[in-house]
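Observations on chain architecture
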Amino acid sequence: MTVVDIEPVRTSRTAISANSLVARLWNYCNVLRDDGLSTIDYVEQLSFLLFLKIAKEAYEADLSDDPMPIVPERLDWDSLVAKQGDELERHYRVVLTELGARPFTMLGTIFAKAQNKIADPAKLRRLIVDLIDKQAWQAQGVDIKGDAYEGLLAKGAEDIKTGAGQYFTPRALIHAIVDVIRPTPEDTVLDPACGTGGFLIAAHEYIRNNHLQGMSRAQVDHVAGAIRGVELVPGTARLAAMNMLLHGIGRSDGDSLITVDDALRNPPIEHASVVLANPPFGKKSSITVYGEDDKVGGRDISYTREDFRATTTNKQLNFVQHIMSALANPGRAAVVLPDNVLFEGGAGEKIRRRLLQEFDVHTLLRLPTGIFYANGVKANVLFFDKLSQRADGQPLTQTLWVYDFRVGQHFTQKAKPLRRADLDDFVASFAADDRSQRTESDRFRPFSYTELIARDKVNLDITWLKEATDSDDDALLPPSVIAAEIIEELQAALTEFTAIAEALGEAEA
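It should be emphasised that the depicted structure is a prediction, and the values quoted were computed from it without experimental measurement.

Conventions adopted
- Residues numbered from 1 in each chain as written.
- Predicted model: local features only at pLDDT ≥ 70, side-chain atom pairs only at ≥ 80, totals over all residues.
- Heavy atoms only, no water.
- Helix = DSSP H or I, 4+ residues; strand = E, 2+ residues; numbered from the N terminus.
- Buried < 20%, exposed > 50% of the residue type's maximum accessible area, 1.4 Å probe, protein only.
- Contact = heavy atoms within 4.5 Å.
- Phe/Tyr/Trp six-rings, centres within 6.5 Å; stacked < 30°, edge-to-face > 60°.
- Lys NZ or Arg CZ within 6 Å of the ring centre and 35° of its normal.
- Pairing = 2+ DSSP bridges.
- Axes fitted to C-alpha atoms, helices over the stretch in contact; angles between N-to-C directions.
- Parallel < 35°, antiparallel > 145°, perpendicular 65-115°, else oblique.
- Nonpolar A, V, L, I, M, F, W, Y, C, P; charged D, E, K, R; others polar.
- Core = buried A, V, L, I, M, F, W, Y, C linked by side-chain atoms within 4.5 Å.
- Salt bridge = Lys/Arg side-chain N within 4 Å of Asp/Glu carboxyl O.
- Expected span 1.5 Å × (residues − 1).
- pLDDT = per-residue confidence, 0-100.
- Polar contact = N/O pair within 3.5 Å; in protein donor to acceptor, adjacent residues only side chain to side chain.

**Quick notes on the overall build of the chain**
- Each helix and strand in the chain was counted, giving 17 helices and 11 strands.
- Looking at the chain as a whole, 52% of its 509 residues are labelled buried.
- For the chain, long-range pairs separated by at least 24 residues make up 78% of all intrachain contacts whose partners lie at least 6 apart in sequence.

In structure tokens:
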């Protein structure tokens, strides 16, 4: 049974906006910080509890003759609400352990190796009873509860100390990429480094919004299992699984759509017609160190795979090779990559030569700094298609179009975050309906295969626009931008204070 697409729960609880939900729940995260709970740990604990609450609401709303509970009665939400004190904390640990012992299901992915990290029973009960149980989450609909959860993940990404930002791609960028890739009900979609599932959710949303009315039953069934991700870190994989369930993707008791593994370890068993990815930045390949804390360590390692033409410890280059292997024929890919992938010599040059020869590398989007949570990241989106090789042996890449969205652009996380509208010109210039109709502009220029292959080390880090200044420092920002950033911070603080006042008022009532 799914936890979505059902009749709203009949409840007297008051519906509130996603922003308000985020403000209230985030404020409580600040309370738990005093107990040493990190942001990512807090969001993880919310994943467990929100799932149990929504599973209860879905069961209560099931109008079938013999509804089946998603979670066994002795492990369900009501079993938590009924307990308090040390008994609650002990029972919560039992719930997490037993639900995690269900491998290969979405339920098992969410609760795999789950641990209670809220040591204070009183604070655990307040989170359960006062903040979650009072809200009718299923009644809000997929978008509200999903958006609230996305908002919490975004908040977590802002917490640089926890490293959460590495799992979070700006949603405006994701939606622009999906809008030009245009997944269909016939596609299979893969993200081999899915983080919290942003690309997968956006692809599902695009298919639903653009094709739902005309989809056959066979297409609906196909889409239900055709959007999949791989994530190295178990704790992040559970966030992705929960995020997908909250957005109506997958079944809690069905096969897991998120695989916990190192995607680079082995050649792909299955191929996908669409690959969307933002592999983790950093040159070292990561290996998993499984333990109680699900920590990940990095070291210089090379992957020995028959499908890899170049041996390197640069994990972005290895992800490019993996995606080349994972693509079906025909297939299309969009991959977020740091600048070094475009110009690094040795294995980098060898991989770029193969890309241009055996794939249609048709578009490169140069991204501005300031859109990622890690400061100063210079990245790009590389779009390429897998097609049958030409009989005459000529390269599949004929022309690479480069859109420079970096020069002259300034974004910040607070005052001027990247919006989907900021990428409208790129999406229009991409001409997804017919790329032969592309036209050159100040920011969008074509480069032939002959030009590309003649560049030193096949360097694809191409630019022609000039910055007004050679400095990348924000010290030269105009006063209006600086003032706007200050206002943004004050407004965020006011929102949090408002949530505190509301919570205090409810406690006194």
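**Thoughts on the packing of aromatic side chains**
- By the definition in use, this model includes 11 aromatic pairs.
- Ring geometry for phenylalanine 48 and phenylalanine 111: centres 5.4 Å apart, planes at 25°, overall stacked. In this pair, phenylalanine 48 sits in helix 2 (residues 39-61) while phenylalanine 111 sits in helix 5 (residues 106-111), placing the two residues 63 residues apart along the sequence.
- Its relative accessible area of 0% is what places phenylalanine 48 among the buried residues.
- Put simply, the rings of Phe383, Trp401, Tyr403, Phe426, Phe430 and Phe444 pair up and form one aromatic cluster.
- Here lysine 416 stacks its cationic end above the ring of phenylalanine 411, 5.2 Å away from the centre of that ring.
- The ring of phenylalanine 430 carries arginine 438 above its face, with NZ or CZ at 4.7 Å from the centroid.

**Some details on the environment of lysine 350**
- As for its placement among the helices and strands, lysine 350 is situated in helix 14 (residues 347-358).
- Sequence-wise, lysine 350 and alanine 310 are 40 residues apart; in three dimensions their C-alpha atoms are separated by 6.8 Å.

**Brief notes about the sheet that holds strand 10 (residues 399-404)**
- Taken together, nine strands build an open sheet; the order of strands is 3-2-1-4-7-9-8-10-11 and the sheet is mixed. Each end of this open sheet is capped by a strand with a single partner; those strands are strand 3 (258-260) and strand 11 (444-448). Going across the sheet, the axis of each strand differs from the next one's by a mean of 15°, ignoring polarity.
- With three bridges connecting them, strand 1 (residues 189-191) and strand 2 (residues 227-231) associate as parallel partners. Within the sheet, the bridge partner assigned to valine 189 lies in strand 2 and is isoleucine 227.
- Strands in contact with helix 11 (residues 234-246) are strand 2 and strand 3; relative to strand 3, the strand with the most contacts, it is inclined by about 170°.

**Let's talk about the packing of helix 2 against helix 4 (residues 85-100)**
- Across the interface, helix 2 lies against helix 4 with an axial gap of 12 Å and an inter-helix angle of 85°. Regarding the angle of helix 2 to helix 4, the classification is roughly perpendicular. Facing Gln45, Phe48, Leu49 and Leu52 of helix 2, the residues of helix 4 in contact are Tyr92, Val95, Leu96 and Leu99.
- In terms of residue class, the contact of helix 2 with helix 4 is built from seven nonpolar, one polar and no charged.

**Quick word on the nonpolar core**
- Counting 91 residues, the largest nonpolar core has Phe51, Phe111, Leu173, Ile177, Leu276, Leu365 and Phe383 as its most contacted members.
- Take this core: its biggest share by element is 10 residues, from helix 2.
- The residues contacting isoleucine 177, other than those within four sequence positions of it, are Phe199, Leu276, Ala334, Val336, Val381 and Phe383.
- Counting residues in each nonpolar core, the second largest holds 41 residues, with Met324, Ala333, Val341 and Phe359 among its members.

**Remarks on unusual backbone geometry**
- The omega angle of the peptide bond from asparagine 329 to proline 330 is 0°, so this bond is cis rather than trans.
- The residue lysine 113 is not glycine, and still its phi comes out positive at about 55°.
- Along the polypeptide, lysine 113 turns up in the loop between helix 5 and helix 6 (121-133).
- We classify lysine 113 as partly exposed; its relative accessible area is 48%.
- Backbone geometry at lysine 457 places phi at a positive 60°, although glycine is not the residue there.
- Positionally, lysine 457 belongs in the loop between helix 16 (449-454) and helix 17 (479-508).
- Taking relative accessible area as the criterion, lysine 457 reaches 42% and is therefore assigned partly exposed.

**Here we look at the pattern of salt bridges**
- Under the criterion given, the structure shown has 25 salt bridges.
- A salt bridge links glutamate 44 to lysine 117, with the shortest nitrogen-to-oxygen separation between them at 3.8 Å. Here glutamate 44, found in helix 2, pairs with lysine 117, found in the loop between helix 5 and helix 6; they are 73 residues apart in sequence, far enough to count as distant.
- The class of glutamate 44 is buried, set by a relative accessible area of 8%.
- Its salt-bridge partner being aspartate 261, residue arginine 265 comes within 3.3 Å of it at the nearest N-O pair.
- When salt bridges that share partners are traced, they join Asp41, Glu44, Lys117 and Arg238 into one network.

**Some details on helix 2**
- Under the 1.5 Å per step criterion, the end-to-end length of helix 2 is 32 Å for 23 residues, consistent within 8% with the ideal 33 Å.
- Counted residue by residue, helix 2 has 19 buried out of 23 residues, so it is predominantly covered.

**Notes on the confidence of the model for the chain**
- Across the chain, the average pLDDT comes to 82, with 77% of residues at or above 70.
- Low pLDDT, under 50, characterises residues 1-15; the predicted model gives this stretch 43 contacts beyond four residues in sequence or across chains.
- Counted against residues more than four places away or in other chains, residues 470-474, with its pLDDT under 50, gives three contacts.

**Some thoughts on the pairing of strand 4 (residues 272-277)**
- In terms of burial, strand 4 is a largely internal element, six of the six residues being buried.
- One ladder, built from two bridges, connects strand 1 with strand 4; its direction is parallel. Bridging across to strand 4, valine 189 finds its partner in valine 274.
- As judged from the five bridges shared by strand 4 and strand 7 (residues 327-338), these two strands associate in the parallel manner.

**Quick look at helix 12 (residues 315-326)**
- For helix 12, built from 12 residues, the straight-helix expectation of 16 Å at 1.5 Å per residue is met to within 8% by its first-to-last C-alpha distance of 16 Å.
- When you tally the buried positions in helix 12, you get 12 out of 12 residues, the bulk of the element.
- Every buried residue of helix 12 is listed here: Lys315, Gln316, Leu317, Asn318, Phe319, Val320, Gln321, His322, Ile323, Met324, Ser325 and Ala326.

**Comments concerning the side chain of aspartate 41**
- Tracing the chain through its elements places aspartate 41 in helix 2.
- Among the polar contacts listed, one links the side chain of aspartate 41 to the side chain of lysine 117, at a separation of 3.2 Å.

**Description of the packing of helix 4 against helix 6**
- As a packed pair, helix 4 and helix 6 sit with axes 8 Å apart at the nearest point and diverge in direction by 70°. Considering the angle they form, helix 4 stands roughly perpendicular to helix 6. Listed contacts from helix 6 to Gly85, Asp86, Leu88, Glu89 and Tyr92 of helix 4 are Pro121, Leu124, Arg125 and Ile128.
- Split into classes, the residues belonging to the contact of helix 4 with helix 6 amount to five nonpolar, one polar and three charged.

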